[in-house]
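Listed here are the chains, written in short residue letters.
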Amino acid sequence: MADILRYGEARAGTVEHLATLMPRIVVQAALALPYAARNLDAAAAGKLRGAILAADSAIQLAQLEADVVAGWRDALQALLRDGQATRLVAGTAARLLYEVELLTAGQASDLLARMLSPGTPVAEAAGFFEGFFEGAGQRLIHDAALRGAVDAWLMALDKEAFTANLPLFRRVFSALDPAERRRLMDALFERRGGAKGYRLIAGAADIWPKHQARVIELLKSGAAR
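Below you will find a few notes about this structure. (Residues numbered from 1 in each chain as written. Predicted model: local features only at pLDDT ≥ 70, side-chain atom pairs only at ≥ 80, totals over all residues. Heavy atoms only, no water.)

## Description of the overall build of the chain
Here comes step 1: Scanning the chain from terminus to terminus reveals 12 helices and zero strands.
Here comes step 2: Counting from the amino terminus, helix and strand elements in the chain follow one another as α-α-α-α-α-α-α-α-α-α-α-α.
Here comes step 3: Residues counted as buried form 38% of the 225 residues belonging to the chain.
Here comes step 4: Pairs at least 24 residues apart make up 64% of the contacts formed inside the chain by residues separated by at least 6 positions.
Here comes step 5: Here the chain has roughly 13,200 Å² of accessible surface; of this, 57% comes from carbon and sulfur atoms. (Helix = DSSP H or I, 4+ residues; strand = E, 2+ residues; numbered from the N terminus. Buried < 20%, exposed > 50% of the residue type's maximum accessible area, 1.4 Å probe, protein only. Contact = heavy atoms within 4.5 Å. Areas by Shrake-Rupley, 256 points an atom, 1.4 Å probe, with all protein chains shown as cover.)

Structural data, given as C-alpha cells:
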C-alpha cells in the first residue's frame, strides 16, 4: 500500500482507495499497539518487533497526514510509559522515536539509564538493549551520552550476568564492519589522533592481560555451548 501511495499504480482508482484505507489501518494499529505489546514471550516479541519496524517504514514512505503519523508515534511513546510493555518492543519504539528526534539525546540517555539500571532484571534490560541497538550500533560511535548509559549498565553486571548476555552483545555489535568497530573503540578511549594515541587508565598495563584472558575464556565457553 505504501509503495502504491508513494509511486502510483496503473489501475484507475487504486490510489484513491488506498489513500482512504491506509490511514484507517494506521489509526487502528496505533490504538491496538500498547495492548498488543504487553507480556509477550520471546517469539511473539520478535514477531511484533519486526511488524513495528516494517509498519514504521511504510508509514514514512506513504507520507500520510501529520495527525495520522502523530497518532502512531504517540502509540510508540505509550510503550515507554507502560510497565507491562515487553522490553524488546519498548526498546524498538525508543529507537524509532530517537531516529525522528522525538527523543533528544538527553532523554534517550535518561531512558536507557532507567531501563538498564542495576535494579532491572537482566533479561528485561538486555531485551531493551537489543531493541534499541540491534541494527543501529553505529549510534554509539557518535553519541557520548548513549555510550555513557550503556557503559554504566555493563559495568554494573556481575560475571554471571555478563556471561549470560555475551551472545546478545556480540549479535548487536556484529553488524558493525571493522572500520566502524575501530571508530567505536576510538570513541570509547577518546582517541585524539597523532602521537598521543589512546588515553590509558591508571594501571592499564596490569589490567589488560587479565581482561584479555577473561574475554578469551568467555568466548570459548560461549562457543562450547
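The discussion continues.
## A closer look at the packing of aromatic side chains
Here comes step 1: Evaluation of the coordinates by the stated rule reveals four aromatic pairs.
Here comes step 2: A network of ring pairs unites the aromatic residues Tyr98, Phe128, Phe129, Phe132 and Phe133 as a single cluster. (Phe/Tyr/Trp six-rings, centres within 6.5 Å; stacked < 30°, edge-to-face > 60°.)

## Let's talk about a nonpolar patch on the surface
Here comes step 1: Among the surface-exposed residues, Met185, Leu188 and Phe189 lie close enough to one another that they form a single nonpolar patch of about 260 Å² accessible area.
Here comes step 2: Within the secondary structure, Phe189 sits in the loop between helix 11 (178-188) and helix 12 (204-224). (Patch = residues over 30% accessible without salt bridge, like charges linked within 9 Å, V, L, I, M, F, W, Y side chains within 5 Å. Salt bridge = Lys/Arg side-chain N within 4 Å of Asp/Glu carboxyl O.)

## Describing the side chain of Arg73
Here comes step 1: Mapping Arg73 onto the fold places it in helix 4 (residues 66-81).
Here comes step 2: Despite its burial, Arg73 remains without a salt bridge, the nearest opposite charge being carried by Asp56 at 4.8 Å. (Lys, Arg positive; Asp, Glu negative; His and termini not counted.)

## A word on the packing of helix 3 (residues 42-62) against helix 5 (residues 87-99)
Here comes step 1: Look at helix 3 against helix 5: their axes get within 9 Å of each other, and the N-to-C directions meet at 20 degrees. Viewed along their axes, helix 3 and helix 5 adopt a mutual orientation that is roughly parallel. Both helix 3 and helix 5 take part in a crossing whose hand is right-handed. Note on element contacts: helix 5 touches helix 3 through Leu88, Val89, Thr92, Arg95 and Leu96, opposite Ala45, Gly46, Leu48, Arg49, Ile52, Leu53 and Asp56.
Here comes step 2: For the contact of helix 3 with helix 5, the residue count by class is seven nonpolar, two polar and three charged. (Axes fitted to C-alpha atoms, helices over the stretch in contact; angles between N-to-C directions. Parallel < 35°, antiparallel > 145°, perpendicular 65-115°, else oblique. Left-handed = near helix turned anticlockwise from the far one by under 90°. Nonpolar A, V, L, I, M, F, W, Y, C, P; charged D, E, K, R; others polar.)

## Some remarks on helix 9 (residues 144-156)
Here comes step 1: With 13 residues, helix 9 ought to run about 18 Å at 1.5 Å a step, and its terminal C-alpha atoms sit 18 Å apart, in line with that.
Here comes step 2: By the burial criterion, the buried members of helix 9 are Leu146, Arg147, Ala149, Val150 and Trp153. The arc that holds the buried residues of helix 9, viewed along the axis, is 165 degrees, so those residues lie on one side. Residues of helix 9 that are exposed and angled more than 90 degrees away from the buried face: Ala144 and Met155. (Expected span 1.5 Å × (residues − 1). Arc of directions from axis to C-beta.)

## Regarding the environment of Thr120
Here comes step 1: Following the sequence through the fold, Thr120 ends up in the loop between helix 6 (105-115) and helix 7 (122-133).
Here comes step 2: Non-local contacts of Thr120, meaning those with residues more than four positions away in its chain, are made with Arg87, Arg114, Met115 and Ala125.

## Points about the pattern of salt bridges
When the charged atoms of two side chains with opposite charge come close together, those side chains can pair.
Here comes step 1: Counting across every chain of the model gives four salt bridges.
Here comes step 2: A salt bridge links Arg95 to Glu99, with the nearest nitrogen and oxygen atoms 3.2 Å apart. In this pair, Arg95 and Glu99 are both assigned in helix 5, four residues apart and thus about one turn of the helix distant.
Here comes step 3: Judged by its relative accessible area of 39%, Glu99 falls in the partly exposed class.
Here comes step 4: The residue Asp186 makes a salt bridge to Arg182 at a minimum N-O spacing of 3.5 Å. Remark: Arg182 and Asp186 occur in helix 11; sequence separation between them is four residues, near one turn of the helix.
Here comes step 5: Its relative accessible area of 22% is what places Asp186 among the partly exposed residues.
Here comes step 6: Exposure remark for Arg182: the relative accessible area of 45% places this residue in the partly exposed category.

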